[in-house]
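Now for the letters of each chain:
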Amino acid sequence: LAALFFAVYPGYSWWVSAIEYQPMIASLALQTLSIALTWRAVLARSRAEKTACLAASLLTGWAYIALVDYAIGMEAFRFIGVFILVNRGAGRSLWRGILHALRALGWGLLIPLGFAVWRLFFFENQRAATDIGAQLGALAENPASTTVNWLLQIYNSLVNLAVQAWLNQFPAFLQEMRLRDLAVGVLFTGGALLLLALFEKRIEDASGFDRDRLRSEALTLGGLGMFFGILPVVMANRYVNVGGFSHYGLPASLAAGLFMAAVLDMVSMKKARSVLLYILLSFAILAHYGIAVRALQEQKALQEFWRQVSWRAPAIREGTTLVLYYPLPGLGDDDFGVMEAANVLYFPNPTGQIPVHYPLAGLTLNERTLPDILNAPPLRETKYRSHTVTFDYDNLLVMSQPAPYSCVHVMDGSQPLISTLDPIETALAAPKSKIENVILDAAFVVPPRAVYGGEPARNWCYYFQKADLAAQSGDWERVVSLGEEALRLQFSPDDRVEWMPFLKAYAVTGRAEQLKTTAKRVVGEKALRIQACAMLSAIEEPLTPEVREVIAAAYCKTKAQ
């Protein structure tokens, strides 16, 4: 049961993240193997087996902590397991039992001690967040306040690790699912529960073991394992949650699985215990399925966003800071707008620099980044692990896709397309956008299929992007031609602000009848009618009397002058 709970532990939400989080999975595998090898070495009867297991546990132990240094707290889990194994039925006092366990662990002590010596005296730290002295400095400066804060964070982290992990992920990833995805998730869950039911009938209590004693040992090992597993995290002024900081609890998930198995075994009624088991397993499976579905949705949304940008912008000027509003909440939640997608698209050739300097900076458009966008502070260069990037708040290009069914709107600050679906942040930031950062006389980029997937169907958004590009270059006849082709193919926008480039093209080219006909698609929403009136009234090219009359009557609700 503990192995099952460990395997389906749903409190870690970064399973699907590439590169940065994969070492954590490797570390967890090595951690589990190392601890198991140590316990096996303690139980081994032959010297050869003991030596082989101990040597393997040392190597895998150093490796897992080298990958994830805060996992060192699980060395307490290793030791407590040894303590339980060597003191069963011995009747020793606590201190005699600890000394006996230390002797039994023997060379295994080199795992935490060896890493600590390397980490403190040989490791060259490059990151403030992993500087032990800096993190413990808070305790020296304000011991009372820091201690209270640590105790609160230990409590919160333990609750998240042991309880909330099993409950919170389920609704968080299920609420926004489509009915089809929900049905598939339920089928997966049903299959897993069927397998559990089949195996449950074949598994009997191991004879010769005291169930009450095993439960007590599991509670002790699991509970203390969780406590010491998260202690280094809290002492580094971090904490465990079931969102962005779920990875801090991953090493201790081994202890959490054991603890949950022991808690469930405390339910005396077998049927009630089975019901709780099936509920917890269902929640965990659906949480994992929801994480996977969410990741696929985000991947698809990112691919479609940048595919549309590649239709719209042949090239983007180096040094531009992109301000990005994605159609799904949470995309670009580090406030950097997944700027890597733009850099891989427009500047794909490696430079050989270490660290890499990104030619394009990126910001997620939200309430945290908006003040700097509006106030334009000086150039800011940021270094994050493997790369550097320069944020130039005087050289912005704002892009917004306000809903999944909208097109990407590359903003011209002089006349931005503000959808009724856009948040207030877009309306405030859009006037800062410099459309000249889109280079017109460049060859179009070809997004690599391995990163951006295959080219999507050329639907309305393809024709909109090409028309918006033609409007930027002043080729109004091409805008009209693209609009006619889209209508001939029975395409039309779901976001009606996307008629704006075509309205301007109809006005400039003297197509009063088309301008009048299209008004019916726009003026139903007052905000769009006002926006269209302002845009059409600001046209500098000479307009025919018929066009001016349509603008006044249909869009501005006034008489033509």
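Quick notes on the rules
- Residues numbered from 1 in each chain as written.
- Predicted model: local features only at pLDDT ≥ 70, side-chain atom pairs only at ≥ 80, totals over all residues.
- Heavy atoms only, no water.
- Helix = DSSP H or I, 4+ residues; strand = E, 2+ residues; numbered from the N terminus.
- Buried < 20%, exposed > 50% of the residue type's maximum accessible area, 1.4 Å probe, protein only.
- Contact = heavy atoms within 4.5 Å.
- Lys, Arg positive; Asp, Glu negative; His and termini not counted.
- Charge placed at Lys NZ, Arg CZ, Asp CG, Glu CD.
- Expected span 1.5 Å × (residues − 1).
- Arc of directions from axis to C-beta.
- Salt bridge = Lys/Arg side-chain N within 4 Å of Asp/Glu carboxyl O.
- Disulfide = S-S within 2.5 Å.

Quick word on the overall build of the chain
Part 1 of the reasoning: Looking only at helices and strands, the chain has 23 helices and 9 strands in total.
Part 2 of the reasoning: Projected onto the principal axes, the alpha-carbon positions of the chain cover approximately 105 × 55 × 45 Å.
Part 3 of the reasoning: For the chain, the proportion of its 561 residues judged to be buried stands at 45%.
Part 4 of the reasoning: If you take every contact in the chain between residues at least 6 apart in sequence, the share linking residues at least 24 apart comes to 74%.
Part 5 of the reasoning: Distance between charge centres in the chain, computed from 49 positive and 48 negative side chains, equals 9 Å.

A few points about helix α5 (residues 94-105)
Side chains of residues three or four places apart in an α-helix project in the same direction, reflecting 3.6 residues per turn.
Part 1 of the reasoning: If you check α5, its first and last C-alpha atoms are 16 Å apart, about what 12 residues at 1.5 Å a residue would give, namely 16 Å.
Part 2 of the reasoning: Within α5, burial applies to Gly97, Ala101 and Leu105. Relative to the axis of α5, the buried residues are bounded by an arc of 70° and lie together on one face. Exposed positions of α5 whose direction lies more than 90 degrees from the buried face are Trp95, Arg96 and Arg103.
Part 3 of the reasoning: In the core, the buried residues of α5 are packed alongside α2 (22-43), α3 (47-67) and α4 (75-87).
Part 4 of the reasoning: Gly106 occupies a position one or two residues after α5 and carries a positive phi of about 55°.

Examining the pattern of salt bridges
Part 1 of the reasoning: Here the structure, examined in full by the defined rule, presents 16 salt bridges.
Part 2 of the reasoning: Residue Arg368 is joined to Asp335 by a salt bridge in which the shortest nitrogen-to-oxygen separation is 2.8 Å. Placement of Arg368 in the loop between β4 (361-364) and α15 (370-375) and of Asp335 in the loop between β2 (321-325) and α14 (339-346) is noted, with a sequence separation of 33 residues between them.
Part 3 of the reasoning: Residue class for Arg368 comes out partly exposed when judged on its relative accessible area of 49%.
Part 4 of the reasoning: Through salt bridges that share partners, Arg211, Asp212, Arg215 and Asp265 make up one connected network.

Describing the state of the cysteines
Part 1 of the reasoning: Counted by the stated rule, this structure contains 2 disulfides.
Part 2 of the reasoning: Put simply, Cys407 and Cys461 are joined by a disulfide, and their sulfur atoms are 2.1 Å apart. Classification of the bridge connecting Cys407 and Cys461 rests on its S-S torsion, roughly -95°, and on that basis the disulfide is left-handed. In this pair, Cys407 is assigned in the loop between β7 (396-400) and β8 (409-410) and Cys461 in helix α18 (residues 460-473), connecting sequence segments 54 residues apart. The exposure classification of Cys407 matches that of Cys461, with both residues buried.
Part 3 of the reasoning: Two residues share a disulfide in this structure: Cys533 and Cys556, whose sulfurs sit 2.0 Å from each other.

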